[in-house]
Amino acid sequence: MGCVEALNYEVLLRHCSFKEYRAFIKKHYRETYEVQPGYKIFDLALIGVPPIPIGVDGDSVIFPYTKPCHGTFVLKVEGKEEIEKLRSRK
Amino acid sequence: MEISDKERKKGLIILGCPEAPAQVSLAVHLAYSLRRSGYLPVVAGNPSARHLLAMADPEHHYVGEMLDLDGCIEEIAAGEHDYDLSFVLVHRESGVSYAGTMSVVSAGRVVAVVFGKEAETLASLIDFDCETVVAPGGHNPLPLKKAIDRVMKWDV
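All figures in this text were calculated on a predicted structure; none of them were measured in a lab.

## Considerations on the layout of surface pockets
Estimated volume of the largest pocket: approximately 360 Å³. Contributing to the lining of the largest pocket are 23 residues, with Val4(A), Glu5(A), Tyr65(A), Thr66(A) and Lys67(A) lying nearest its centre. Every element with two or more residues in the lining of the largest pocket is listed here: strand S1 (9-16), strand S4 (44-45), strand S6 (60-67) and strand S7 (71-78) of chain A together with helix H3 (69-77) of chain B. No other element matches S6(A), which puts four residues into the lining of the largest pocket. Taken together, the residues that form the lining of the largest pocket break down as 15 nonpolar, three polar and five charged.

The structure is reproduced here in structure tokens:
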């Protein structure tokens, strides 16, 4: 199981709704992918209402991270391997 | 005749944020109802939510095994484990996200129990494949109890 604290992340949005992060990622990133909840990114299983958008910006991925009390954060983390994994999905 | 734990189907209760006053009562009642219906109740939640429940049921008369929330979801998503019936307790929007996640990763029956002052608004966000019971209000547990009992009767 992964740990978000082990990642060198930048927080782009805090305490947002799933509608807000969907709109944010689709509005700000030309390259986006939709995944289902449970999709693993940086060894973290994504939580969310399907489908979950993931954005790509250069060498970084932008994805939502949800906790029960603190709601959802949108994180930006460098990850070339994760980008390749997203691009190679059929 | 008493059903042994090995013979029981597994039921999961996913706790939301520990701040809702009704959550512990709801979880204990669900665990009790699951046991009566032949399930072994397992609870997943963050540490505070689990500790509140453990304090209410210290000898686990009702609640069975308790799991870390993230680890539990990861196991189900990875296909390593699943539950015949899961209840997701929803009183914040994050709870809707957990219900949405379970609706995708679990092959079992998933019921979102939406409760609290914002129950109707939260329930309107559930546009994915998921059974939903809604009990508005903050302090009176009876609507919630009736809603749960109705679901458990469907199951028998």
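## Here's the deal with the sheet that holds S7(A)
Residues and elements named next belong to chain A. Taken in spatial order, the five strands make up an open sheet running S1-S7-S6-S5-S2, and their pairing is antiparallel. Since the sheet does not close on itself, it has two edges, and those belong to S1 and strand S2 (31-35), each with one partner. Each strand of the sheet is rotated relative to its neighbour by a mean of 25°, with strand direction disregarded. Bridge count between S6 and S7: eight bridges; the pairing is antiparallel. The residue bridging Pro64 from the neighbouring strand is Val74, located in S7.

## A short note on the interface of chain A and chain B
Contacts between the two partners involve 24 residues from chain A and, on the opposite side, 24 residues from chain B. In total, chain A and chain B occlude about 1,800 Å² of area from one another, counting both sides; carbon and sulfur atoms represent 64% of this. Scanning the region where chain A abuts chain B turns up two salt bridges. A salt bridge links Lys40(A) to Glu74(B), with the nearest nitrogen and oxygen atoms 3.1 Å apart. Ranked by residues supplied to the side of chain A that touches chain B, first place goes to S6(A) with three residues. Of the residues belonging to the side of chain A that touches chain B, the class tally is 13 nonpolar, seven polar and four charged.

Analysis parameters
- Residues numbered from 1 in each chain as written.
- Chains lettered and ligands numbered in written order.
- Predicted model: local features only at pLDDT ≥ 70, side-chain atom pairs only at ≥ 80, totals over all residues.
- Heavy atoms only, no water.
- 1 Å grid on protein atoms, 1.4 Å probe; cavity = no way out; pocket = protein on both sides within 12 Å on 5 of 7 lines; lining within 4 Å.
- Points joined across faces, edges and corners; volume = space filled by probe spheres on them.
- Helix = DSSP H or I, 4+ residues; strand = E, 2+ residues; numbered from the N terminus.
- Nonpolar A, V, L, I, M, F, W, Y, C, P; charged D, E, K, R; others polar.
- Pairing = 2+ DSSP bridges.
- Axes fitted to C-alpha atoms, helices over the stretch in contact; angles between N-to-C directions.
- Contact = heavy atoms within 4.5 Å.
- Buried area = accessible area lost by both parts, 1.4 Å probe.
- Salt bridge = Lys/Arg side-chain N within 4 Å of Asp/Glu carboxyl O.

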